Each structure stands twice: as C-alpha cells, then as structure tokens.
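# A look at the structure
Take a look at the letters that make up each chain.
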Amino acid sequence: MNASFKSLTWKQTNLVVFTALFFAIAIFIVEIALVVISTKQQLTASQQELLDSVEQTTANAVWSLDDKLANQTLEGIIKVDHVGSAVIELDDGSLFVSAANEAAELSENYYMLSTKLFGGLKEISRPLYRPFYFEGSKQQQLIGTLTIFYDTQKLTNSLFDQLQLSFIATLARALLLTLVLTVVFHRFLTQPIAQISEAIDKIDTDSPDENLLPTAKAHKDDELGLVTSKFNQILLQFSQTQNKLRKMATRDPLTGLPNRTLLLETLNVTIQRSRVHKRNFALLFIDLDRFKNVNDSLGHALGDQFLARIARILERVVGDNGSVSRLGGDEFVILADDIENPDQAADFVDKLLMHLNAPVQLDEHAIHPAASIGISIYPEDGVCAEDLIRHADIAMYSAKAAGSNQWSFFKQQMTEQAAVRLRTEASLHDALKNNEFLLYFQPKLDLQTGDVVSCEALIRWKKDGKLVSPVSFIPVAEETGIIIPIGRWVIEQSCKIIREWQKQYNFALPISVNVASQQFADASLIPDIKQLALRHQVSPELLEIEITETSLMNNIDEAIVKLEQLKNAGFGIAVDDFGTGYSSLSYLRHLPITTMKIDRAFVNDLPDDNAIASTILMLGKQLNLDIVAEGIETQEQLDWLKEHDCPIGQGFFYSQPLPLEEFELKYVLPNANEVGTKSSLTAINDQQSIAN
C-alpha cells in the first residue's frame, strides 16, 4: 500500500470532528450573545427595581441628615448582587455617606471584556428630592443624588463560569456524536468500501470474471450496491472482450488456425519439452505454388475459400501428430513433434503432397493445388523458435527454385545465400539514391545490310568501382518490388539519351527497354511512359517497350488493354522470349504488338534444330510483325537467319552490350549527318580543352 495512503475512516472522523467542533463553537458564540443580552436586560430591570425600593428611604435620610439611616440604607444596597459601592451626595455635590464592598483583583482581560459587555451599566444614579409631605409644598426640591456602582468584572466572571459549563457540555455532546457517527459510517460505508478494495486487489487480469466484487446485503439497493453491480458488469464484459482479443491475437480469422503468435508459444513449449527428453522434431514451412493466379483469376472470395480448404486438408493429414498454423497469405507451418529424423520427415512430406495435390472443387472451378515445402529439424537446424522458422523458410525458397511441388531440407549455405540476398536488397535501395546504375546498349542490325536500326538498353550496376552482374540483382529487385522504380529510371534515361542523340548528332535511333512482370502490372506504368516521353520531347516511335511472354499471360485481358494504350499512343511493343511459354499462340492474334523476338535458346539451336525459329518467322510474316533474333553468336546462325529472311538481329556476333560512350563512337557518330558531326566534334574538342 502507498505510504501516503490515508484511511477513509480517519478522513471521515477528522471531518466529523471538525464539523462538530465548528458547530459547537458557533452555537456557543450564539449562546454567549443571547446570555449577554438577557443578563443586560435583567441587570437593567434589577437596577430600576433597586432604585425604586430605596429612593424614599434615602431621600428621608438626606432630608433629615440622618447619616445613620443613610449608612444602613447603603449597607443594604451593597449587599445586592454585583453592586460594588454606593454613594449619597448632597445637592451641593459634597459627599454625605458612602459604602463599598471589597474589590476582587481580576485580570486586565476581564476588565476590558467587562467594560465592552457591560460598560453602559457600570453605574446608575437617581436624584433625591425633598419629601413632598414636608411643609405642604408641592414643588420638587433637589436635596441630593444616589449613585450605585456595579462590579461588572464579577458579573462577567460569574457569567463565564456559567457559560464554561455550558461549553463543556456542548463539546461533550459533539464528541459523543462524532464517535457515534464514525462508528456508524465505518460500519455501513467505509468497511464495505474497504472490502471492495481488497476484492479488487484479488482480481486476476487473465480471468477477471472469476473474482467479482462482493455486494453487502445492506447496500443492494443503494448507490454503493449500484456501483458494485456496474463494476461487476464491466468485469464480465472485459472478460468476454479479452477472450475475443486473445482468440484474435492467437488465431487466424480466415482459417481458424493458430497464427504466428500462438505458433511461437507452442514452438517454445515443444523446444523445452524436447530439450528435457532429448528428442527431435521437424518444422515444415509450406508455401502454395501459383496461389496468386488463383486470386487474380477467380477473385479474393474464392481465393479465401481455397485457403480454408487447404487448411482443413493440412489438419486432416497432421491429425494428432502435430499442429498446423497459418503465418499469412498462402504460407502455412506444420509443427510435427512426432518426427525425429530426416527419413520420417521425407515420408511425411510425400504423404502431405499426395493429399495436397488432389483437385479442389470451388463452385464450377477445379483447382489443382501445389506447394513448396522447406524442412528444418530441431536441434540440428536451430535451438530457438525464430531460427527454426527462418531456416525452414529459407529451405522453402530453395525448394521453390527447384520447381513446383518440391521440398528441401535446410542447409547452412542457404542462410548465407539469404544473407547475400538481403544485403543486395538493401544496396539496391541505396543504388538508386546514389546514381550507381548506368545503361549499356546492344545494337540491333539489319541482317541484310549490316546497318544499325535500333538498340536495346540494358541496365548495369557499378558498385564500389565494379560491375555487378544483372543475374545477381535483377531477380532480387523483381522479388522485392524495387524493379518498379529501377524500371522507371531506365525508361527516363533512355528518353534523355534519345533526345541527346537528336540534339547532338541530329540522328534518331530507337531504343527498346525491358519491362519486368511487376513493372508491367503496376498501374502507373502507362502514364509514366507517356509522361516521360512528353517531358523529354521524344517521339513515341523511338521508344519500344519489350515485355516478356510471362508478363502477358499473368492477366491477358488487362495486358491487352495496356498494350492497346501504348500502341495507340505510337510506342513500339515487342514480345521478348517468345515461344518459351505455354499458351502464347492462342492469344497472339489478340495482342496489339509490333515486334516478336526469337529467343536466344532457339537461335542457339540453329541451323540444326530450326523448327521453332521457322514457325516464329512464318507467324511474324503472316501477322505483319517485325522479327528480331537475339543471341546471334556464330556465322552459321547468321547465314540461316539471312537465308530465311529474318530482318533484324542482335548478339555477340555483332557486338556485346557497350557503355554509352563506346556505343556512340561505334554506332551513332558514324551515322550522324554533317550538322550533327560538326556539333559533336565541337563538343569533343571543348571537352578536350576543358580536360587540358
């Protein structure tokens, strides 16, 4: 309990005591005022009565100058309560007789207080007249004065003695009332509150409904009972809400499977148990193959149904031999605590894939599921939950790289490859900021004349003075989405270079740029291409967009719409790697393209295996498309292509991709006209002058 805590009973007692004392003192002050007023009135009345009673006797004594009678009269007067002295003076002001009581010595405070309270009644006098029965005269004749002095200090003293008893009685009553009220309040108010406070301390935050607050019988129908009842309702509602939140926090809402949080808890418990019993177990990381196609083609509603069906299949296969969790998207994890070695894990995965590959019927659609599975074994592949999940995830990517419906055990080199991938991803972000990318250009030539007709822009990455192979960073850029801003940079640089060649060399050479699948799917691609060409004043026919067959097949209807927008704007459209897919021919007549490229894989087989190359050339001619053969490396390949009227080609036989300066010197400058040549030579001379 906090050191500054003060009991409500103590506070309540203090409040009652001070309140009672306040009212006791207030009542006492009022009582003093009333007593003083009453005493003054009584004193005034008694003074008049006293004067009336001795006036005749005193006047006779003065008239007859009977000092003995006068003294007797005064002695009687001073015996009256609170009379201090009495004096009789003759009409000439001389003292006739006087009498006085012995004065008591009282404090100065009493003197001042008595003066303040009874100052106006300290003395009273009455004139004495000649008795009217002497000499028969009816006219009054002053013969003296009777003055009586009152001892107001004694009066004040006696008054306060009387009030002191009254004050003590009032104070005693107040304190008694305080004690009674304190006991009553404690019994009926503070004690129940203290019991409620103790009950609140016992509430378990994990199960608040198990420790409800007690309700005293005496307070069932009052405010305290109402507060207790409302608080108990809050506890019950909080318990229900907490149960819902706990379920939401540990369960996947779509499939009802444990989520990552609950998986980690279960995995940690399994690790502790396995460590104690020195047992192994397996963790399987499952990623569904081509799930994006299901979502894109059938919609998210059927995609969610598909995931729920997969979850039930996994639960049925695992049974009581482990647990199934969903990490999100199309990723599932199986904790198989009965598997102790790789052989058992392999048998289990084969059985799992057999059940997974069975067709799933969703409405009128039959879907054939497939999955890539990565396996980690405790403790060889990790001794903590995060490591086991991460290593199984790495193994899954290795399996996915091997093709659909594959599985793989974790190997240490996989972690090293993943680390390299992460470093590459981080470096790609910095490469854009630091302008580390540059473009190389490979010429496309007329195979009959050998003249350059266009070129292809190929991105390169110069990091720390060394060129990084596109094979190393392009796949990472595509997987992480960085390919979108990189692709936009390539398009903008190509537009700048086209414009620069026109200004400097007065020579217009078309440039083709490659667009990755993720970039083609991006909604901003078409507006970006149009805007960049307009900004740099590049004619659309000088910029050709190369799209892979795979990009088109992901969503053929959307691809047709985008390609028509590009073609209507005047841009060239080439299908790269044509013939490597599985359904291009059925859609070819619907695609608004201008160029088909014969993939290098088919060119490499020339002239011996030429069936596919011949078919593509025939299709291109029938559809009135430009045909470009890529990957020409030998004279034999070139001769066959010339013989079969392939118009355009590119490859190492002619030139490997070149840096901008070398490409300009070899292919652009020789084709520049006179104006362009003079301006370019002037520019070269100016650069040499600056260098010198």
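Predicted, not measured: the structure shown is a model, and the values here were computed from it.

In terms of regular secondary structure, the protein is built from 23 helices and 21 strands. When the 692 residues of the protein are sorted by exposure, 41% land in the buried category. The contacts of the protein with a sequence gap of at least 6 include a subset with a gap of at least 24, amounting to 68%. Total accessible area on the protein stands at roughly 37,900 Å², and carbon and sulfur atoms take up 54% of it.

Taken together, the buried positions of helix α7 (residues 291-298) are occupied by Phe-291, Val-294 and Asn-295. Buried positions in α7, seen along its axis, are confined to an arc of 95° and lie on one side of it. Looking at α7, the residues exposed on the side facing more than 90 degrees away from the buried face are Lys-292 and Ser-297. Residues of α7 that are buried in the fold lie against β5 (281-288), α8 (300-318) and β9 (365-367). Positive backbone phi, at 100°, marks Gly-299, one or two positions downstream of α7.

Two numbers describe how α8 lies on helix α9 (residues 342-356): the axes approach to 10 Å, and their chain directions differ by 140°. For the element pair α8 and α9, the recorded crossing hand is right-handed. Each of Ile-310, Ile-313, Leu-314, Val-317 and Val-318 in α8 lies in contact with α9, whose residues at this interface are Phe-348, Lys-351, Leu-352, His-355 and Leu-356. Here the residues of the contact of α8 with α9 are counted per class, giving eight nonpolar, one polar and one charged.

Let's shift gears to the sheet that holds strand β6 (residues 323-328). Sheet strands associate in pairs through backbone hydrogen bonding, adopting either a parallel or an antiparallel arrangement. Sheet architecture is open: five strands sit in the order β6-β7-β5-β10-β11, paired in mixed fashion. Bordering the open sheet on either side are β6 and β11 (407-409), each of which pairs with just one other strand. Shown here is a sheet whose adjacent strand axes are inclined to one another by a mean of 20°, direction ignored. Across the sheet, α8 lies against β5, β6 and β7 (331-336), angled at about 10° from β7, the strand it touches most.

As a further point, take the pattern of salt bridges. Counted according to the given criterion, the structure contains 20 salt bridges. In this structure, a network of salt bridges that share partners links the residues Lys-444, Glu-456, Glu-544, Glu-546, Lys-597 and Glu-630.

The strand order β2-β1-β4-β3 describes an open sheet built from four strands, whose pairing is antiparallel. Edge strands, defined here as strands with exactly one partner in the open sheet, are β2 (95-100) and β3 (123-129). The sheet shows a mean angle of 10° between the axes of neighbouring strands, direction not considered. Here strand β1 (residues 83-90) runs beside strand β4 (residues 142-150); their pairing, made up of seven bridges, is antiparallel.

With that settled, consider the packing of aromatic side chains. Applying the stated criterion to the full structure yields twelve aromatic pairs. An angle of 15° between the planes, with centres 6.1 Å apart, marks the rings of Phe-291 and Phe-306 as stacked. With Phe-291 in helix α7 and Phe-306 in helix α8, this pair connects stretches of sequence that are 15 residues apart. Look at Phe-291 and you get buried, because its relative accessible area is 8%. Accessibility expressed as a relative area gives 3% for Phe-306, which makes it buried. Taking 5.5 Å as the distance between ring centres and 85° as the angle between the ring planes, the aromatic pair formed by Trp-461 and Phe-473 counts as edge-to-face. Of this pair, Trp-461 sits in strand β13 (residues 452-463) while Phe-473 sits in helix α12 (residues 470-480); the two residues are twelve residues apart in sequence, bridging distant segments of the chain. Phe-473 carries the same exposure label as Trp-461, and that label is buried.

What follows deals with the environment of Ser-517. Relative to the helices and strands, Ser-517 is located in helix α14 (residues 517-521). Spatially, the C-alpha atom of Ser-517 lies 8.0 Å from that of Glu-478, the residues being 39 residues apart in sequence.

The next thing to look at is helix α13 (residues 483-505). Compared with an ideal rise of 1.5 Å per residue, which puts 23 residues at 33 Å, α13 spans 32 Å between its outermost C-alpha atoms and is within 8% of the ideal. Phi for Asn-506, located one or two positions after α13, is positive at around 50°.

What follows is about the confidence of the model for the protein. On average, residues of the protein score 82 in pLDDT, and 83% of them reach the 70 mark or higher. By mean pLDDT, helix α23 (residues 674-691) is the weakest element of the protein at 39, and strand β20 (residues 648-650) is the strongest at 95. Counting interchain partners and residues more than four positions distant, the pLDDT-below-50 stretch residues 674-692 has nine contacts.

What follows concerns unusual backbone geometry. Between Tyr-378 and the following residue, Pro-379, the backbone shows a cis peptide bond with an omega angle of 0°. The residue Pro-379 is located in the loop between β10 (371-378) and α10 (385-401) in this model. With omega at 0°, the peptide bond leading from Leu-606 into Pro-607 counts as cis. Take Pro-607: it is sitting in the loop between α19 (600-604) and α20 (611-622). Although it is not a glycine, Asn-506 sits at a positive phi angle of roughly 50°. Given the relative accessible area of 43%, Asn-506 is considered partly exposed.

The next point concerns the side chain of Gln-442. By the element assignment, Gln-442 lies in strand β12 (residues 437-446). Only 3.1 Å separates the side chain of Gln-442 from the backbone oxygen of Ser-655, close enough to count as a polar contact. Each residue touching Gln-442, except ones within four places of it in the same chain, is listed here: Cys-455, Glu-456, Leu-458, Gln-650, Gly-651, Phe-652, Ser-655, Gln-656, Pro-657 and Phe-663.

So, about the pairing of β7. In terms of burial, β7 is largely enclosed, as five of its six residues are buried. Relative to β7, β5 is paired through six bridges, and the arrangement is antiparallel. Bridging from a neighbouring strand, Asp-287 pairs with Glu-331 of β7. In this sheet, β7 lies alongside β6 in antiparallel orientation, the contact comprising five bridges. Along β7, the bridge assignment pairs Val-324 with Ile-334.

Reading guide: rules and limits
Residues numbered from 1 in each chain as written. Predicted model: local features only at pLDDT ≥ 70, side-chain atom pairs only at ≥ 80, totals over all residues. Heavy atoms only, no water. Helix = DSSP H or I, 4+ residues; strand = E, 2+ residues; numbered from the N terminus. Buried < 20%, exposed > 50% of the residue type's maximum accessible area, 1.4 Å probe, protein only. Contact = heavy atoms within 4.5 Å. Areas by Shrake-Rupley, 256 points an atom, 1.4 Å probe, with all protein chains shown as cover. Arc of directions from axis to C-beta. Axes fitted to C-alpha atoms, helices over the stretch in contact; angles between N-to-C directions. Left-handed = near helix turned anticlockwise from the far one by under 90°. Nonpolar A, V, L, I, M, F, W, Y, C, P; charged D, E, K, R; others polar. Pairing = 2+ DSSP bridges. Salt bridge = Lys/Arg side-chain N within 4 Å of Asp/Glu carboxyl O. Phe/Tyr/Trp six-rings, centres within 6.5 Å; stacked < 30°, edge-to-face > 60°. Expected span 1.5 Å × (residues − 1). pLDDT = per-residue confidence, 0-100. Polar contact = N/O pair within 3.5 Å; in protein donor to acceptor, adjacent residues only side chain to side chain.

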